[in-house]
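# Coordinate analysis (summary)
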Amino acid sequence: MTEFRAGFRREVRISARVQGPCLLPLLGADPDADAPRLAIPYVPGPTLAQHLAAHGPLAGGALYAFATGTARPSRRFMRPGWCTVT
């Protein structure tokens, strides 16, 4: 559990610093609560999994927009080996 909490604290710190037009702002977090949590605004609409199930994989412009919209604000926090693209 200690490893989980350390990772969760790191994610909360990063989430508080990352901003962008395609990302939701962090409203609050308590990584040390009995049930660790973080809060972001509610956005109505399908989840990414629901969208993919209904429409298939993202491709072309939709894939590019999704990838750049989520990756660009995060790039300064990424280090080699944190994610693998296959």
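### Here's the deal with helix 1 (residues 2–17)
Note that an α-helix has 3.6 residues per turn; residues three or four places apart therefore point the same way. Look at helix 1: 23 Å from first C-alpha to last across 16 residues, which is about the 22 Å you get at 1.5 Å a residue. Inspection of helix 1 places Arg5, Gly7, Phe8, Val12 and Ile14 among the buried residues, and these make up the whole buried set. Buried residues along helix 1 sit in contact with strand 1 (28–30) and strand 2 (37–39).

### Some details on the pattern of salt bridges
This model, assessed by the stated rule, comprises 2 salt bridges. Measuring nitrogen to oxygen at the nearest pair gives 2.6 Å for the salt bridge that ties Arg9 to Asp32. Of this pair, Arg9 sits in helix 1 while Asp32 sits in the loop between strand 1 and strand 2, and the two are 23 residues apart along the sequence. With a relative accessible area of 30%, Arg9 lands in the partly exposed category. Note that Arg10 and Glu11 form a salt bridge whose closest N and O atoms lie 3.0 Å from each other. Overall, the relative accessible area of 34% leaves Arg10 in the partly exposed class. The exposure class assigned to Glu11 is partly exposed, which follows from its relative accessible area of 37%.

### Focus on the packing of aromatic side chains
Two numbers describe a pair of aromatic rings. These are the distance of the centres and the angle of the planes. Summed over the entire model, instances satisfying the criterion amount to 1 aromatic pair. When the centroid spacing of 5.7 Å and the interplanar angle of 25 degrees are considered together, the rings of Phe4 and Phe8 count as stacked. Of this pair, Phe4 and Phe8 both sit in helix 1, separated by 4 residues, roughly a single helical turn. For Phe4, a relative accessible area of 44% translates into the label partly exposed.

### A short note on a nonpolar patch on the surface
Together, Leu24, Leu38, Ile40 and Val43 make up an exposed nonpolar region whose accessible area comes to about 320 Å². Within the secondary structure layout, Ile40 lies in the loop between strand 2 and helix 2 (48–55).

### Section: the confidence of the model for the chain
Detailed reading of the predicted model is not advised wherever pLDDT is low. Chain-level pLDDT for the chain is 82 on average; 81% of the residues reach the 70-or-more range. Mean pLDDT per element in the chain: helix 3 (residues 60–71) is the minimum at 85, and strand 1 is the maximum at 94.

Cut-off values and rules
Residues numbered from 1 in each chain as written. Predicted model: local features only at pLDDT ≥ 70, side-chain atom pairs only at ≥ 80, totals over all residues. Heavy atoms only, no water. Helix = DSSP H or I, 4+ residues; strand = E, 2+ residues; numbered from the N terminus. Expected span 1.5 Å × (residues − 1). Buried < 20%, exposed > 50% of the residue type's maximum accessible area, 1.4 Å probe, protein only. Contact = heavy atoms within 4.5 Å. Salt bridge = Lys/Arg side-chain N within 4 Å of Asp/Glu carboxyl O. Phe/Tyr/Trp six-rings, centres within 6.5 Å; stacked < 30°, edge-to-face > 60°. Patch = residues over 30% accessible without salt bridge, like charges linked within 9 Å, V, L, I, M, F, W, Y side chains within 5 Å. Areas by Shrake-Rupley, 256 points an atom, 1.4 Å probe, with all protein chains shown as cover. pLDDT = per-residue confidence, 0-100.

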